[in-house]
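Chain and residue survey
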Amino acid sequence: DGFHDNQYGGRKGRQPQSAVLNKVLSLDVIRYYGEPSAMVDNDATACYDRIIPYLTTYMLKRLGMPYFLSRFMCNVLRDMQYSIRTDKGISAKYSSNDRPLYGTGQGAGWSPPCWAANSDVISHAMAQHTPGLLLVHPNKQIYSNRHLDVFVDDTNHGVTHDAMQLFKPSEPNPVVQKHDHIYEQIQANMKFYHGILEATGGALAWPKCKAYIMLFEWCNGIKKLLPTKDTYPPLEIKTSYSNETFFIKLANPDEAFKMLGAFVALDGNVRAQVEVLRKYASKWASRLDLSYLTPHEAIMAYTQVLF
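These notes cover the structure that comes with them. Counting starts from 1 at the beginning of each chain's written sequence and moves along it residue by residue. Since the coordinates come from a predicted model, pLDDT governs what is reported: local features require at least 70, and pairs of side-chain atoms require 80 or more to be given and counted, while whole-chain, interface and lining totals use all residues. Only hydrogens and water are set aside when side-chain values are computed; all heavy atoms of the structure are taken into account.

1. Remarks on the overall build of the protein
This is how the line gets drawn: By definition, any uninterrupted DSSP run of H or I lasting at least four residues is a helix, any uninterrupted run of E lasting at least two residues is a strand, and each is numbered from the N terminus. For every residue, the accessible area obtained with a 1.4 Å probe (protein chains only) is divided by the maximum for its type, and the residue is called buried under 20%, exposed over 50%, and partly exposed between those limits. What makes two residues a contact is simply this: any of their non-hydrogen atoms within 4.5 Å. In short, Shrake-Rupley with a 1.4 Å probe defines the accessible areas, and a residue's cover is counted only from the protein chains shown. Residues scored as charged are limited to Lys and Arg (positive) and Asp and Glu (negative), so that His and the chain ends carry no count. A charge is said to be at NZ when it belongs to Lys, at CZ for Arg, at CG for Asp and at CD for Glu.
When its secondary structure is counted, the protein shows 8 helices and 17 strands. In terms of overall dimensions, the protein has C-alpha extents of about 75 × 65 × 40 Å along its principal axes. Within the span of the protein, comprising 307 residues, buried residues form 42% of the whole. Sequence separation of 24 or more characterises 66% of the internal contacts of the protein that already satisfy a separation of 6 or more. Within the structure as shown, the protein displays about 17,800 Å² of accessible surface, and the carbon and sulfur contribution to it stands at 57%. Charged side chains of the protein number 32 positive and 29 negative; the gap between the two group centres comes to 4 Å.

2. Regarding the packing of aromatic side chains
To describe a pair of aromatic rings, you give the distance between the ring centres and the angle between the ring planes. Defined as follows: Working definition: rings of Phe, Tyr and Trp (its six-membered ring) pair if their centres are within 6.5 Å, and the pair is stacked with planes under 30 degrees apart, edge-to-face with planes over 60 apart, and tilted otherwise.
With the rule as written, the count across this model stands at 3 aromatic pairs. Summarising the aromatic geometry, the rings of Tyr 183 and Tyr 232 are spaced 5.2 Å apart at their centres and angled 15° between planes, so their arrangement reads as stacked. With Tyr 183 in helix H6 (residues 182-199) and Tyr 232 in the loop between strand E12 (222-225) and strand E13 (235-238), this residue pair connects regions lying 49 residues apart in the sequence. As far as the burial class goes, Tyr 183 and Tyr 232 line up, both buried. Taken together, a centroid distance of 4.7 Å and an interplanar angle of 5° make the contact between Trp 206 and Phe 246 stacked. Here Trp 206 is found in the loop between H6 and strand E10 (210-214), whereas its partner Phe 246 is found in strand E14 (residues 245-248), with 40 residues between them in sequence.

3. Topic: the pairing of strand E1 (residues 37-43)
Applied cut-off: Strands pair, by our definition, only if DSSP identifies at least two bridges between them.
Burial analysis of E1 places 7 of its 7 residues in the buried class, the great majority of the element. Side-chain alternation along E1 places Ser 37, Met 39, Asp 41 and Asp 43 on one buried face and Ala 38, Val 40 and Asn 42 on a second face that is also buried. In terms of strand pairing, E1 meets strand E9 (residues 154-160) through 7 bridges, oriented antiparallel. Its bridge partner being in E9, Met 39 is matched across the sheet by Gly 158. Of the pairings in the sheet, the one linking E1 to E10 comprises 5 bridges and is antiparallel in character. Opposite Val 40, over in E10, you have Ala 211 as the bridge partner.

4. Notes on the side chain of Thr 104
Definition in use: Here a polar contact is taken to be a pair of N or O atoms separated by no more than 3.5 Å, where protein atoms must pair a possible hydrogen donor with a possible acceptor and residues adjacent in sequence count only if both atoms sit in side chains.
Within the secondary structure, Thr 104 sits in the loop between strand E5 (95-96) and helix H4 (111-129). Side-chain polar atoms of Thr 104 contact the side chain of Ser 111, separated by 2.8 Å. Apart from the residues lying within four places of it in its own chain, the contact partners of Thr 104 are Tyr 48, Ile 51, Pro 53, Met 73, Leu 77, Trp 110, Ser 111 and Cys 114.

5. With respect to the nonpolar core
Using the following cut-off: In plain words, nonpolar cores are sets of buried Ala, Val, Leu, Ile, Met, Phe, Trp, Tyr and Cys residues tied together by side-chain atoms within 4.5 Å.
The biggest cluster of nonpolar side chains holds 42 residues, and the ones touching the most others in it are Trp 115, Tyr 193, Ile 213 and Ile 248. The set of elements that each furnish at least two residues to this core consists of E1, helix H2 (53-62), helix H3 (67-79), H4, H6, E10 and E13. Excluding anything up to four places from it in sequence, Tyr 193 contacts Asn 42, Ile 122, Met 126, Leu 148, Thr 155, His 157 and Leu 204. In this structure, Met 214, Ala 251, Phe 257 and Ala 262 belong to the second largest nonpolar core, which totals 15 residues.

6. Things to note about empty space enclosed by the protein
The cut-off we apply is this: Here the term cavity refers to a set of points on a 1 Å grid, laid over the protein atoms alone, in which a 1.4 Å probe fits but cannot get out; the term pocket refers to an open set having protein on both sides within 12 Å along at least five of seven lines, with lining residues being those that place an atom within 4 Å of a point. Grid points are joined across faces, edges and corners, and a volume is the space filled by probe spheres set on the points. Asp, Glu, Lys and Arg are counted as charged, while Ala, Val, Leu, Ile, Met, Phe, Trp, Tyr, Cys and Pro are counted as nonpolar; the rest, among them Gly, fall into the polar class.
Under the definition given, this model contains 1 cavity of 30 Å³ or more. By volume, the largest cavity is sized at about 60 Å³. Lining the largest cavity are Trp 115, Ser 119, Ile 122, Ser 123, Leu 148, Val 150, Val 152, Asp 153, Thr 155 and Tyr 193. When residues of the lining of the largest cavity are assigned to their parent elements, the largest contribution, 4 residues, is made by H4. Residue composition of the lining of the largest cavity, grouped by class: 6 nonpolar, 3 polar and 1 charged.

7. Details of the sheet that holds E10
Pairing within the open sheet is mixed, and its 5 strands lie in the order E8-E9-E1-E10-E15. Only two strands of the sheet have a single partner each, and these edge strands are strand E8 (149-151) and strand E15 (250-251).

8. Details of unusual backbone geometry
Although it is not a glycine, Ala 46 adopts a positive phi angle of roughly 45°. Checked against the element boundaries, Ala 46 lands in the loop between E1 and H2. In this structure, Val 152 is a non-glycine residue whose phi angle is positive, near 55°. Of note, Val 152 is situated in the loop between E8 and E9. A relative accessible area of 17% places Val 152 in the buried class.

Now the structure itself:
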């Protein structure tokens, strides 16, 4: 369909589980080889409400959409009248867009592909200008080289030591660090990503963003993930429009954070995920005990809800 392959949202035949699975499998490979790596989970705030329609028309045209269709969308958004609906009815007064306005509309059918078009530009820029995750099979014949895994506005991106060594930008690039340090490279990648997101009208939900630095120590032939939360400071990012500085906190290997409904930890433990599912199942079982379902109906409810 023309979009970058790493976007799993707003597209036919894609699902969020694929983005989560990519993250889990990547962490499995990184732990197996003990390669210095880093990841960041990002969440853009109110992504559909921050789309710039007129800028998006160029992104849609780039993907092959006829100009008159994207122009029609912009004209509709410009000329629509906006009322407020409550339980008392629809307001008599309304507002209109007498000036350019962000957003393509929550619930509008064109919003998902419009955001995907914005995301596609960000994805190609990241692939061209930053080292990403490079995971190589020992036979050197099979590899995965990814920069982003995205479901709508939830983004996971990372960098590995191999990618830093092998990445060759087409031109001198300040994003690529001159020295061999995974922390400073992921911070540079994050600043670059945030700058492009801002340029397209987007903004990050800073409290929802998490960073992971994966460093390993070998002892008697056994490797273990080092705690990095207190070793390195949070990633420091400065916004260009307000000149504010935000910080993305680091997580330790045994800490799990929610991404697209799944709780994933660097060291592979599933304690947090099991606890979430246990509470969900317990709550559902309590509701089932108080119901008037027959045994047959209870089995049907189990297969449809939990299984």
